[in-house]
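Architecture and fold: a report
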Amino acid sequence: MDTTNATNPALSAQDADELLIRELVARSQEAQTDPEVLPALHTSDLVLINLAGRRVFGRDAFESAMTAALASPLRDVRTTLEVDDIRFVRPDVAIVSLTKTVHDERPDTQGPSDFPARGAMTYVMTRGEDDDWRIALAQTTPIA
């Protein structure tokens, strides 16, 4: 349920949705090491293409891939997200353009970082029947 307008009636519906979407992006960044929380912020049929080009279909596959990554040296690679633009295709669908910054904190013994320092990320978000926004597609393209 959208409670933003109830607490600030001066906001338009679109402004309220932009705030909710920005909050979802912040929650996804905070949950990047929690395989129980992060997948729940996505739709069950999500499509995710990560920085390395790996494509994952569905929330369950994402949770499995995330759990495996966190059991590897990748647990020491974190990212930060900056929202660059939000565009509404329909009142219940938004395209969110972000800049992803990679922080490779693996010990030097792991060798040089093979991750680009930045990526152009796109989320397609949908609002469900419960009025909550979820990430339906996440695509990251490395920035050379």
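My aim in this report is to walk through the structure given alongside it, one point at a time. (Residues numbered from 1 in each chain as written. Predicted model: local features only at pLDDT ≥ 70, side-chain atom pairs only at ≥ 80, totals over all residues. Heavy atoms only, no water.)

**Quick word on the sheet that holds strand β6 (residues 133-143)**
- Strand order in this open sheet of six strands is β2-β1-β6-β5-β4-β3, and the pairing throughout is mixed. For this open sheet the edge positions go to β2 (55-57) and β3 (77-90), each flanked by a neighbour on one side alone. The average angle at which neighbouring strand axes cross in this sheet is 15 degrees, direction not considered.
- As defined by bridge partners, strand β1 (residues 42-49) adjoins β6 across four bridges and the pair is classed as parallel. Of the residues in β6, the one forming a bridge with Ile 49 is Gln 139.
- Taken strand by strand, helix α2 (residues 13-30) contacts β3, β4 (93-104), β5 (118-127) and β6, and its axis lies near 160 degrees from that of β3.
- The sheet strands contacting helix α3 (residues 59-70) are β1 and β2, and the helix crosses β1 at an angle near 55 degrees. (Pairing = 2+ DSSP bridges. Helix = DSSP H or I, 4+ residues; strand = E, 2+ residues; numbered from the N terminus. Axes fitted to C-alpha atoms, helices over the stretch in contact; angles between N-to-C directions. Contact = heavy atoms within 4.5 Å.)

**A look at α2**
- For α2, with 18 residues, the first-to-last C-alpha span of 26 Å sits near the 26 Å given by 1.5 Å per residue.
- Taken together, the buried positions of α2 are occupied by Ala 16, Asp 17, Leu 20, Ile 21, Leu 24, Val 25 and Ser 28. (Expected span 1.5 Å × (residues − 1). Buried < 20%, exposed > 50% of the residue type's maximum accessible area, 1.4 Å probe, protein only.)

**Describing the side chain of Arg 127**
- Structurally, Arg 127 can be placed in strand β5.
- For Arg 127, a relative accessible area of 19% puts it in the buried group.
- A distance of 2.7 Å separates the side chain of Arg 127 from the side chain of Asp 17, its partner in a polar contact.
- With residues near it in sequence (within four places) discarded, Arg 127 still touches Asp 17, Pro 91, Asp 92, Asp 132 and Trp 133. (Polar contact = N/O pair within 3.5 Å; in protein donor to acceptor, adjacent residues only side chain to side chain.)

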